[in-house]
Amino acid sequence: MSSVAAATKPAGKYPLWMVILLIAVSASAFIDRVIVATLGPAIKADLEITDGQFGLLSGLAFALLYTSAGIPIARLADRGNRVRLLAIATSIWSLMTALSGAAATYVQLLLLRIGVGVGEAAASPCTVSLVGDTFPRSKRASALATIAMGSSLGSLIGGYGGGWLGENLGWREAFIIVGLPGFILSALLFFTLKEPPRGMFEENRRNSADAPSFRAVLAQIASRRGFLHMMIACGLCSFVNFGVLTFLPIYLGRAFTMSMTEAGLLFGLVSSFSNATGTLLGGFGSDWAAKRDERWYAWLPALCLLLALPIYAFGLLQNDWRVAMPIITVGAVLAFTFFAPTF
């Protein structure tokens, strides 16, 4: 570590507090993201929409805006204040989630879900960038794996809590209740986190004014085959993971005639356990293995993903949920190992 890095390294318990808040950000984002899947049956019945329309509502519309908005928002994170950007974005997706409870038509709810996607597009670039300037390279996968525990917590709360709220209070009330706490989190981010110096742990430090142009970034990405392959792989992994898990509540209700609360609880347990276990296994496991050979940052998730495919398929073909769910959980654990080492 350079003398400059040592001098500017965050002291005391601040890095821990930052991780705790980023865990909360991850949890908030996932609650607002997965609750649509849990409330799916009630939303479909109330708004009288088809499976295709619900698929657009819970997946494609959110994903298109999440990914397309992520690029310009990430450029803002490269050049501006990441803490303020994340705080504003948290307020936006929380507001869009709460307003979803007032949607009178399918189109209104669709537009609000698009708004959630735009807000949440800031979470990942800001989080990864803040971690990169707060932790040295040897600890980043572990730090990101720990922060990703928030998504497990969010999956559990959004799954079981969303199912219970939807069944006992209504799907509209559920959106309002889970959206409002995000404003408290936004205030904590804004007033308690500090913008760290850029490139703290890099040999050639640069500030936001020195950030390369977007064209230069694209040229650098295009020149690195390893990065291109990893980027495509990350996209495919996310496609599979969110596709399977978003489908689970409706799958459980139709295949095994479960109530919304029962399906939401199982969905929350499976998604939270698999997300947490798989992400921690990938993060801490790859940090440990990479001490011997850095290629384990790619080898470990690659091996796990090869095993996940047949296990996922075998689990989804079972006729008894008591048999199916443990198998699907194992597949999901293996499928989530990619997150920390690739980021």
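See the structure shown above.
To keep things clear, this report deals only with the structure shown in the data block.

Parameters and conventions
Residues numbered from 1 in each chain as written. Predicted model: local features only at pLDDT ≥ 70, side-chain atom pairs only at ≥ 80, totals over all residues. Heavy atoms only, no water. Helix = DSSP H or I, 4+ residues; strand = E, 2+ residues; numbered from the N terminus. Rg over C-alpha atoms; globule rule 2.2 N^0.38 Å. Buried < 20%, exposed > 50% of the residue type's maximum accessible area, 1.4 Å probe, protein only. Contact = heavy atoms within 4.5 Å. Expected span 1.5 Å × (residues − 1). Phe/Tyr/Trp six-rings, centres within 6.5 Å; stacked < 30°, edge-to-face > 60°. Lys NZ or Arg CZ within 6 Å of the ring centre and 35° of its normal.

Points about the overall build of the chain
For the chain, the helix and strand inventory stands at 17 helices and zero strands. A compact globule built from 343 residues would reach a C-alpha radius of gyration of about 20 Å, and the chain, at 20 Å, matches this within 12%. For the chain, the residues scored as buried account for 49% of the 343 residues in total. Looking at the chain alone, contacts between residues at least 24 apart form 80% of all its contacts between residues at least 6 apart.

So, helix α14 (residues 260–289)
Between its terminal C-alpha atoms α14 stretches 42 Å, which fits the 44 Å expected from 30 residues at 1.5 Å a residue. Within α14, 21 of the 30 residues are buried, which leaves it mostly tucked inside the rest of the structure.

Here's the deal with the packing of aromatic side chains
Counted according to the given criterion, the structure contains six aromatic pairs. An angle of 90° between the planes, with centres 5.9 Å apart, marks the rings of Trp 171 and Phe 175 as edge-to-face. Note that Trp 171 and Phe 175 are positioned in helix α10 (residues 171–179) at a spacing of four residues, about one turn of the helix. Look at Trp 171 and you get buried, because its relative accessible area is 6%. Each ring, one from Tyr 251 and one from Phe 256, has its centre 5.6 Å from the other, and the planes form 85°; the classification is edge-to-face. The residues Tyr 251 and Phe 256 share a single accessibility class, namely buried. Following the ring pairs from residue to residue traces out a cluster consisting of Phe 247, Tyr 251 and Phe 256. Lying over the aromatic face of Tyr 14, Lys 194 brings its terminal NZ or CZ to 4.4 Å of the ring centre.

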